[in-house]
Amino acid sequence: MIPILVFVAAVAVGFHAFWAQKRGRFDPVVLVGDAIVAGGLLILVVEGSSFFLNYSWWKELGQVQTFWQYVRIRWEPQTAAVLLGFVVLAATLRLGRRHSVTALPRKRLFFWLGHAAALAVSFFLAINLIDPWKVALWLGSRDTGLYRDPLFGHSLTFYLFRLPFYRMIFTWAGFLLVLALVVYGFTVGLGASGERLDALRQQLEARARGYRIPLPPAGPMLSDFAGLARVGATLLLVLYAVGQFFGRYDLLYSNHDCLYGADCVDARIGVPLIWAQVVAALGLALLAAFGRRRRGRWMIPGQWPVLRALGIGPELIAGFMAIVILPPIITSAVHSIYVRPNELTLERPYILDHIAATRSAYGIQKNSKEEEFTPRQDTTFDLAQYPDTANNLRLWDWRPFQDNITQLQALRPYYDFPDVDLDRYEIDSEKRQVMIAARSLNTNLLPDSAQTWVNLHLQYTHGYGAVAGLVNEASSEGEPQLILQDAPPETKVPRFRLTRPQIYFGEQTDRWVFVDTSQAEFDYPRGEDNAYNTYDGTAGIPMPNLGRRLVAAIAENDTNILLTDYLTPSSKLLLHRQIVRRVQRLAPFLLLDPDPYLVVDRSGHLFWMLDAYTVSDRHPYSEPLDLGDREVNYIRNSVKIAVDAYNGTVHFYVFDDEDPVLAAYRRVFPQLFLPRSAMPRDLVGHIRYPELLFSTQAEIYRIYHMVDPRVFYNKEDQWDIAKQVVTQGQTQETQPY
């Protein structure tokens, strides 16, 4: 669709140029202007269509307030930074033009070019240095009082939200002030150099006439910059002092041989030295700003000629070099001479802080417990005394189970089972462990000749049903004993009777589709024939008229949406049907567990359950851990998510009211989250301990079950994750289930 719009815009520009040439009014400047206007309108139409379709999707899910909050977060902080930066740079430019000694900086061209450059620089600074999410979380943060670091006494909220915001603002403001000083110096310097160039031109003309005019000395020009240089030196020293003030908190994230965080040297020597750097830098800034001269010279003699003219003494440079170089030398010497020979004794309290912080950050302080167990060979274990355990001993591994049901229950080549989930259900008044897998429609498996636009977007719209079996039962042929199978679904267990077996939202529903069209939707295979249905759920963006279809065609870049005859006034567009990406669009700040699992509720509807985590890498003293594509040192499973496989509704339920990260997001997006009590009882019974959290905590617990500093220091009781045999000669760490 977009190429057609580009063609129409090009034809319009060409026609206008032809018409102007025919009337004898052709002007290349006008042609360029037409092209710019056409390009701008084209971008406006495309982006406007995408925005409207995106808004309609959020409205479909009942999250309009959340949508506009995202828009505000995306635009307001950076727009404010652009405007404020432009005001500062433009004011500096005007001040420099006013103080210029020649007319060159006062010319109109310089005025417009300077303001355009100020706007571009302000935009660049805002885009690269202002993170809108840091602003939003700073506004939403509240002190929970759960953790305070032992060195500075600040709350966890301070380190997660407030400190990153303060440092971001400081970095942006520092760059802006330095650039403002550069703009002022460039403007004034351009005028001064213009004056000297005029004098040089006059001297050359005089020589051509046979007499000489001496050039004015460069000294006065350097003297004119003395005040500017002193302001610059003062500004840089103040920025360094403030940077060190914030930099002292980095000691809490330093990596040492025996711990992560501030160690003995950091706490006893590093912090005082940083304060000394701050005070010394501010003292040098005062000296640079208000240092007294004597007969045009600094009170301390021996200056270099240029620095003498600019009013900067070598004592400033020497002092700055001293406060930068000496502290690392001192801390290194103290560590080597005093701490290393007595490391265990001196680092003991800091190791305790590190252990406590890590256990708290990963949630193992509350969720772990060790019991003494002494195995004895003469003790027999009677499994009959534990019927709940005996009836749920898992005999089936998910891999052979998946292979079996793919062979027996796929029904057609384009069906598959991308994942097998383990869950628990009440069957005959007993809790039984069940393997369950959704029958997914994978349109990529359709023959090439069948991958038409109608099939992909109108007919093959959904998966169908699920397959389930008990984990400890098999048929006489060695196959899984299924309690839910076939299409339409068949079961002898009333708990698994499906009333809505269609899966419009799943793990492999990657394409957008239209439903309730004049083209019947494929439902499930029925012998040599097929069964068809028409969607009657609540999901979808209505397409009642040609205008909506045009917007969808532009936004999805698909002309067929506009040309097809299958759409009716009641047709609806289903967008973002892949459940993980659907949830991520609603809450991109949450880390999702990689294993969504299917749930059958008591009314026979299918739901997807997802575990979501709040994570951070800013917890003081906590050991960082690689988690996929990011490094974290704080994690909470604070949110459980339910997605209706038929209607596509998404609900976020809060399961940890004490999590400061989630608390901040809840204040920013109050409409997005629901309390735990709002989750239906059918779904509450299927909540499980998430796999990613369990694996993460197990990895941390390998080392951090050791709470005695001496044992931890020597790593005397480090554990390993159990391994299992996958194939002959191949093992891997046991996966949680």
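Described below are features of the structure shown in this document. (Residues numbered from 1 in each chain as written. Predicted model: local features only at pLDDT ≥ 70, side-chain atom pairs only at ≥ 80, totals over all residues. Heavy atoms only, no water.)

Let us now look at unusual backbone geometry. A cis geometry characterises the amide bond from Ala487 onward to Pro488, with omega recorded as 0°. With respect to the secondary-structure elements, Pro488 resides in the loop between β9 (480-484) and β10 (502-503). Positive phi is not limited to glycine here, since Ser429 has a value of about 65°. Counting through the fold element by element, Ser429 comes out in the loop between β4 (421-427) and β5 (430-438). Non-glycine residue Asp516 carries a positive phi angle of around 55°. (Helix = DSSP H or I, 4+ residues; strand = E, 2+ residues; numbered from the N terminus.)

Hydrogen bonds between backbone atoms are what pair the strands of a sheet, whose relative direction is either parallel or antiparallel. Within the open sheet, the 3 strands sit side by side as β11-β15-β14. Their pairing is antiparallel. Among the strands making up the open sheet, the edge pair consists of β11 (513-515) and β14 (541-542). Where β14 meets strand β15 (residues 572-574), 2 bridges bridge the pair, whose relative direction is antiparallel. In the strand pairing of β15, Ile541 is matched with Leu573. (Pairing = 2+ DSSP bridges.)

Each aromatic ring pair is summarised here by two numbers: the centre-to-centre distance and the angle between the ring planes. According to the stated counting rule, one finds 45 aromatic pairs in the structure shown. Relative to Phe246, the ring of Phe245 has its centre 5.5 Å away and its plane inclined at 70°; by these criteria the two rings are edge-to-face. Residue Phe246 is classed as buried on the basis of its relative accessible area of 13%. Seen in terms of ring centroids, Tyr415 and Phe522 are 6.4 Å apart; in terms of plane orientation they differ by 35°. Their pairing is tilted. Here the residue Tyr415 occupies a position in strand β3 (residues 415-416), and Phe522 occupies one in strand β12 (residues 521-526), the gap between them amounting to 107 residues. (Phe/Tyr/Trp six-rings, centres within 6.5 Å; stacked < 30°, edge-to-face > 60°. Buried < 20%, exposed > 50% of the residue type's maximum accessible area, 1.4 Å probe, protein only.)

Here we come to the packing of helix α3 (residues 64-98) against helix α4 (residues 108-129). Two numbers describe how α3 lies on α4: the axes approach to 8 Å, and their chain directions differ by 145°. For the element pair α3 and α4, the recorded crossing hand is right-handed. The residues of α4 that touch α3, namely those facing Gln78, Ala81, Val82, Gly85, Phe86, Leu89, Ala90, Leu93, Arg94 and Arg97, are Phe110, Phe111, Gly114, His115, Ala118, Leu119, Val121, Ser122, Phe123, Ala126 and Ile127. Along the lines of polarity and charge, the residues of the contact of α3 with α4 split into 14 nonpolar, 5 polar and 2 charged. (Axes fitted to C-alpha atoms, helices over the stretch in contact; angles between N-to-C directions. Left-handed = near helix turned anticlockwise from the far one by under 90°. Contact = heavy atoms within 4.5 Å. Nonpolar A, V, L, I, M, F, W, Y, C, P; charged D, E, K, R; others polar.)

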